[in-house]
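Coordinate analysis (summary)
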Amino acid sequence: MQIYWAKVNKIIDETPEVKTFLIDRPEDFTWVEGSHTHFALEGFNAGDKPNRNLIRHMSISTLPHENTIGITTRIREQCSEFKRILKKLEVGSKVALFKTHSNVPLRREDKNVYLLSSGVGLATFRPLVLDYFNRADNVNLIHSLNIDSTKDFLFPTVFKSAPDKNFTALFVDNRKDYYEEVKNLASDKAALFYIVGSDEFLVENMKVLRDQRIKPEQIMLDKRENQRHELLSSVYVGEDSFLVDPK
Ligand SMILES: Cc1cc2nc3c(=O)[nH]c(=O)nc-3n(C[C@H](O)[C@H](O)[C@H](O)COP(=O)(O)OP(=O)(O)OC[C@H]3O[C@@H](n4cnc5c(N)ncnc54)[C@H](O)[C@@H]3O)c2cc1C
């Protein structure tokens, strides 16, 4: 396993609680849209075993052509040791990245694509949208729906409706509006639905989609295949059509 150590070159305050860490991109470090990586802080591999308190999964919120690795995360007042260290990290600090993989590449299948996210989950989708803006081939349209109760919505310059590009974005700040909108979107029976958020959020969304007769194969989750299968089976009880990896 290759561990890439790289320097933080910029820290952006996206909202009062959300920061993006822009990290120098090692020459041979590459990734595709929707990727997540293992993001680790100095000292994580100092002992016999890796110190899990210093490692988190994080989506990469940029694309390689931006030539920087973006990690976007929320740091609340009450936070873990990991986030406490992150909050104090300065430009020039070294961080480690390893085991990078995408569970949610953009499916180019001539379908409508709906991106459903909660809070910083939007970070996972930023590169999908940029990839689509660069090359719209075999994607009919993209619509993003994000819920954030803080009302400090992320990435407003990317997630801005652009009808000429068949891209629309909607931000809501409460669950009622959110799930009503998901139900509306699910009237599009042939579309693809990407969902990013907590497991509880994934399950709630999948239940709405299931009730609207959206099939499991149409649902993309940022999970490894076995975890995806487990979550889908908890919602689509008795159906096994999703045993096949849609990718
Ligand atoms: C594939 C994948 C991609 C991911 N991508 C991202 C990403 O791009 N960005 C991202 O931010 N996360 C991402 N995550 C989740 C990430 O790995 C962390 O689990 C998440 O950020 C929470 O971090 P944390 O455990 O350090 O807890 P925190 O964020 O610090 O805390 C989580 C919750 O616990 C509470 N809490 C924590 N410590 C205390 C305490 N001592 N007292 C009281 N309350 C406390 C906090 O208030 C908060 O509500 C991803 C996960 C996966 C699996």
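Residues numbered from 1 in each chain as written. Predicted model: local features only at pLDDT ≥ 70, side-chain atom pairs only at ≥ 80, totals over all residues. Heavy atoms only, no water.

In the nomenclature of an unreviewed UniProt entry, the protein chain is known as FAD-binding FR-type domain-containing protein of Pullulanibacillus pueri.

1. Some details on the packing of helix α3 (residues 175-185) against helix α4 (residues 199-211)
The angle between the axes and the distance between the axes are what describe a pair of packed helices. Put simply, the rule reads: Only the stretch in contact is used when a helix axis is fitted, and all axes are lines through C-alpha atoms; the angle between N-to-C directions ranges over 0 to 180 degrees. Starting at the N terminus, helices and strands are each numbered in turn, a helix being any DSSP run of H or I of at least four residues and a strand any DSSP run of E of at least two. Throughout this description, any angle smaller than 35 degrees is read as roughly parallel, any larger than 145 degrees as roughly antiparallel, any in the 65 to 115 degree range as roughly perpendicular, and the remainder as oblique. Crossing chirality is assigned from the near helix's rotation relative to the far helix, an anticlockwise turn below a right angle marking it left-handed and a clockwise turn marking it right-handed. Here a residue-residue contact requires only that any non-hydrogen atoms of the pair lie within 4.5 Å. Charged residues are taken to be Asp, Glu, Lys and Arg, nonpolar residues to be Ala, Val, Leu, Ile, Met, Phe, Trp, Tyr, Cys and Pro, and polar residues to be all remaining types, Gly included.
Packing of α3 against α4 leaves a shortest axis separation of 9 Å and a crossing angle of 45°. With respect to each other, α3 and α4 are oriented oblique. The crossing of α3 and α4 is right-handed. In this structure, α3 contributes Y178, Y179, V182 and K183 to the contact, and α4 contributes F201, E204, N205, V208 and L209. Here the residues of the contact of α3 with α4 sort into 6 nonpolar, 1 polar and 2 charged.

2. Some remarks on the site of the ligand
Test applied: By convention in this text, a residue qualifies as near a molecule or strand provided that one of its non-hydrogen atoms is within 4 Å of it. Under this definition, polar contacts are N or O atom pairs within 3.5 Å; protein pairs additionally need one hydrogen-donor-capable and one acceptor-capable atom, and for neighbouring residues in sequence, both atoms have to be side-chain atoms. Here the accessible surface of atoms and residues is derived via Shrake-Rupley with a 1.4 Å probe, and residues count as covered only by protein chains that are part of the display. Lining residues are those with an atom within 4 Å of a point, where the points come from a 1 Å grid over the protein atoms alone and group into cavities, where a 1.4 Å probe fits but cannot get out, or pockets, open sets with protein on both sides within 12 Å along at least five of seven lines. More than half of a molecule's atoms within 2 Å of the grid points is what it takes for that molecule to sit in a cavity or pocket.
Inspection of the region around the ligand gives 15 residues, with H57, T72, T73, S80 and K83 positioned closest. Between the ligand and T72 there is a distance of 2.9 Å, counted from a nitrogen atom to a backbone nitrogen or oxygen. With respect to the ligand, the side chain of T73 contributes an N or O atom lying 2.6 Å from an oxygen atom. Look at the ligand: alone it shows 960 Å² of surface, and the protein chains cover 59% of it. Here the ligand occupies the largest pocket. Listed by contribution, the elements that provide at least two residues to the shell around the ligand are β4 (55-59) and β5 (68-74). The leading source of residues in the shell around the ligand is β4, at 4 residues.

3. Some details on the sheet that holds strand β8 (residues 139-147)
Rules: Any two strands with at least two DSSP bridges between them are considered paired.
Spatially, the 5 strands line up as an open sheet ordered β9-β8-β7-β10-β11, and their pairing is parallel. The open sheet has two free edges, formed respectively by β9 (167-172) and β11 (219-221), since each of these has just one partner strand. The sheet shows a mean angle of 15° between the axes of neighbouring strands, taken without regard to direction. Looking at chain direction, β8 and β9 are connected through 6 bridges and run parallel. When the sheet's bridge partners are listed, L145 is paired in β9 with L170.

4. Brief notes about the pattern of salt bridges
Put simply, the rule reads: One side-chain nitrogen of Lys or Arg within 4 Å of one carboxyl oxygen of Asp or Glu is enough to make a salt bridge. Working definition: with a 1.4 Å probe on protein chains only, accessible area under 20% of the residue-type maximum means buried, over 50% means exposed, and in between means partly exposed.
A full pass over the atoms with the stated rule returns 14 salt bridges. Note that R135 is salt-bridged to D137, the shortest N-O span being 3.4 Å. Assessed through its relative accessible area of 42%, R135 is described here as partly exposed. Close ionic contact of D211 with R210 constitutes a salt bridge, the shortest N to O distance being 3.1 Å. Residue classification places R210 among the partly exposed residues on the basis of a relative accessible area of 28%. Bridged by salt links that share partners, the residues E17, R74 and D148 form one connected network.

5. A short note on the packing of α4 against helix α5 (residues 225-235)
Two elements in contact, α4 and α5, have axes whose closest approach is 9 Å; the angle formed by their N-to-C orientations is 50°. Overall, the two elements α4 and α5 adopt an arrangement that is oblique. Every pair of crossing elements has a handedness; the one defined by α4 and α5 is right-handed. Between α4 and α5, the residues in contact are D199, L202, V203, M206, K207 and R210 and L231, L232, S234 and V235, respectively. Taken together, the residues that form the contact of α4 with α5 break down as 6 nonpolar, 1 polar and 3 charged.

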